[in-house]
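One letter stands for each residue in the lines below.
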Amino acid sequence: MAKHINWNIFFKNTMLKLLVIVIITVDFVFFFDKANLFKVLINKPLKWVVLLFIYSIFSVYPQELIFRTFYFSRYDALFQNKKVFLFINAVVFSLAHLFFRNALVIILTFLGGLLFAFTYKKTKSTLLVTIEHAIYGCWLFTVGMGDMLGFPS
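Everything numeric in this text was worked out from a predicted model, so none of it was measured.

Caption draft 1: Just the layout of surface pockets, in detail. What the largest pocket holds in volume is close to 660 Å³. Looking at the lining of the largest pocket, the elements with two or more residues in it are helix H1 (7-32), helix H3 (45-75), helix H5 (103-123) and helix H6 (126-143). Per-element tally for the lining of the largest pocket: the top contributor is H5, with eight residues. Of the residues assigned to the lining of the largest pocket, the class counts are 22 nonpolar, eight polar and no charged. The computed volume of the second largest pocket comes to approximately 250 Å³. Along the wall of the second largest pocket there are 15 residues; nearest its centre are Phe10, Asn13, Thr119, Lys122 and Thr123. For the lining of the second largest pocket, the secondary structure elements donating two or more residues are H1, H5 and H6. Ranked by residue count, the leading element in the lining of the second largest pocket is H1, at five residues.

Have a look at this one:
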């Protein structure tokens, strides 16, 4: 385990961001798709657990290897302005989700891309950004946004 990682600060910051995400997404699902609020968690808990595991291992981790670890090591030197670099990273991450053909997915992946880019820039840790990505993504399935985002539910 990396000794330079401050787990307390990481989890404190991640949980504060998650709290904001929880408030926004619970309200969003409640007002726009109330029937799906916590639907999979309540009605199909085994499917929910399997989905979170598969998503975290086979989707989140490879995405973070490509869009943070590879992108940062490959393209960092090309950008004088690091804010533009982070913005472009979020755009590229968002565009990689175009195949969902869903505006909400594009918006959320752009916002998530900004969060993950800032975390990676700050920590230089694929592990931490993967954990953060998995936490927020798993929450979206948990709250009931799977159908809205085009994921199985």
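Caption draft 2: Highlighting the packing of aromatic side chains. The full count for this structure, using the stated rule, is 19 aromatic pairs. Measuring from centroid to centroid gives 6.3 Å for Trp7 and Phe10, while their planes differ by 90°, and the two rings are edge-to-face. Taken together, the residues span about one helical turn, with Trp7 and Phe10 both in helix H1 at a distance of three residues. Assessed through its relative accessible area of 23%, Trp7 is described here as partly exposed. For Phe10, a relative accessible area of 6% translates into the label buried. With a centroid separation of 5.2 Å and 55° between ring planes, the pair formed by Phe79 and Phe85 is classed as tilted. Note on Phe85: relative accessible area 1%, which makes it buried. An aromatic cluster is built from Phe70, Tyr71, Phe72, Tyr75, Phe79, Phe85 and Tyr120, whose rings are joined through pairwise contacts.

Caption draft 3: Examining the environment of Gly144 more closely. Mapping Gly144 onto the fold places it in the loop between H6 and helix H7 (146-149). The class of Gly144 is buried, set by a relative accessible area of 6%. Put simply, Gly144 and Val26 are 118 residues apart on the chain and 8.6 Å apart in space, counted from C-alpha to C-alpha. For Gly144, the contacting residues outside a window of four places in its chain are Val29, Asn36 and Phe38.

Thresholds, definitions, all that
- Residues numbered from 1 in each chain as written.
- Predicted model: local features only at pLDDT ≥ 70, side-chain atom pairs only at ≥ 80, totals over all residues.
- Heavy atoms only, no water.
- 1 Å grid on protein atoms, 1.4 Å probe; cavity = no way out; pocket = protein on both sides within 12 Å on 5 of 7 lines; lining within 4 Å.
- Points joined across faces, edges and corners; volume = space filled by probe spheres on them.
- Helix = DSSP H or I, 4+ residues; strand = E, 2+ residues; numbered from the N terminus.
- Nonpolar A, V, L, I, M, F, W, Y, C, P; charged D, E, K, R; others polar.
- Phe/Tyr/Trp six-rings, centres within 6.5 Å; stacked < 30°, edge-to-face > 60°.
- Buried < 20%, exposed > 50% of the residue type's maximum accessible area, 1.4 Å probe, protein only.
- Contact = heavy atoms within 4.5 Å.

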